[in-house]
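Residue-level listing of the chains:
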Amino acid sequence: MRPSTPAPSIDEFLHTPARLGICSLLAPAEWVTFSFLRESIGTSDSALSKQLTALEQAGYVESRKDRALRRQTSLRLTAAGRVAFEAYLRSLEDLLARARGIT
């Protein structure tokens, strides 16, 4: 049986577990600290920094350093990052609906 609509496309860039975890934590928040992300994801500083750099270069995440708080780094999704993450979530929801025979 052939589906009536094409399968949704998954954003491979966001689909990596580390980036997905980061975006999932940033999406509901205004700003999130680097240390909160590191502890929540359970990764090293260097591994988290690498993923955040990739997300920043893609224009999905922005960071700021608060010098008053001993150079604490905070991060958030950009408008483009929110759009990309919402599109990613919609694609997953579409795939789940297909798997459950809803569409």
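Up top is the structure.
In what follows, the accompanying structure is described. (Residues numbered from 1 in each chain as written. Predicted model: local features only at pLDDT ≥ 70, side-chain atom pairs only at ≥ 80, totals over all residues. Heavy atoms only, no water.)

Side chains of residues three or four places apart in an α-helix project in the same direction, reflecting 3.6 residues per turn. In this model, helix H4 (residues 79-99) (21 residues) spans 30 Å end to end at C-alpha, consistent with the 30 Å of a helix rising 1.5 Å per residue. Three or more residues of H4 are buried, namely Gly81, Ala84, Phe85, Tyr88, Ser91 and Ala97. As for H4, its buried residues are in contact with helix H1 (17-26) and strand E3 (72-77). With its phi angle positive at about 75°, Gly101 sits one or two positions after the end of H4. (Helix = DSSP H or I, 4+ residues; strand = E, 2+ residues; numbered from the N terminus. Expected span 1.5 Å × (residues − 1). Buried < 20%, exposed > 50% of the residue type's maximum accessible area, 1.4 Å probe, protein only. Contact = heavy atoms within 4.5 Å.)

Further remarks concern the sheet that holds strand E1 (residues 32-33). The sheet built from three strands is open, its strands ordered E1-E3-E2 with antiparallel pairing. For this open sheet the edge positions go to E1 and strand E2 (61-66), each flanked by a neighbour on one side alone. By the bridge criterion, two bridges tie E1 to E3 in an arrangement that is antiparallel. Bridge pairing links Thr33 to Ser74 in E3. Together, E1, E2 and E3 form the strand contacts of H1, whose direction differs from that of E3 by roughly 90°. (Pairing = 2+ DSSP bridges. Axes fitted to C-alpha atoms, helices over the stretch in contact; angles between N-to-C directions.)

Another point: the nonpolar core. Ranked by size, the top nonpolar core spans 18 residues in total, and within it Leu14, Leu26, Leu37, Leu52, Leu55, Val61 and Leu75 carry the most contacts. Only H1, helix H2 (34-41), helix H3 (45-57), E3 and H4 provide two or more residues apiece to this core. Setting aside its immediate chain neighbours within four residues, Leu14 contacts Arg19, Leu20, Cys23, Leu55, Tyr60, Ala84, Phe85 and Tyr88. (Core = buried A, V, L, I, M, F, W, Y, C linked by side-chain atoms within 4.5 Å.)

Here E2 runs beside E3; their pairing, made up of six bridges, is antiparallel. Within the sheet, the bridge partner assigned to Asp66 lies in E3 and is Gln72.

By volume, the largest pocket is sized at about 160 Å³. Forming the boundary of the largest pocket are Phe34, Ser35, Ser49, Leu52, Thr53, Glu56, Ser63, Lys65, Gln72, Thr73 and Leu75. Mapped by element, the contributors of at least two residues to the lining of the largest pocket are H2, H3, E2 and E3. Partitioning the lining of the largest pocket into residue classes produces three nonpolar, six polar and two charged. (1 Å grid on protein atoms, 1.4 Å probe; cavity = no way out; pocket = protein on both sides within 12 Å on 5 of 7 lines; lining within 4 Å. Points joined across faces, edges and corners; volume = space filled by probe spheres on them. Nonpolar A, V, L, I, M, F, W, Y, C, P; charged D, E, K, R; others polar.)

Honestly, it's all geometry; don't read function into it.
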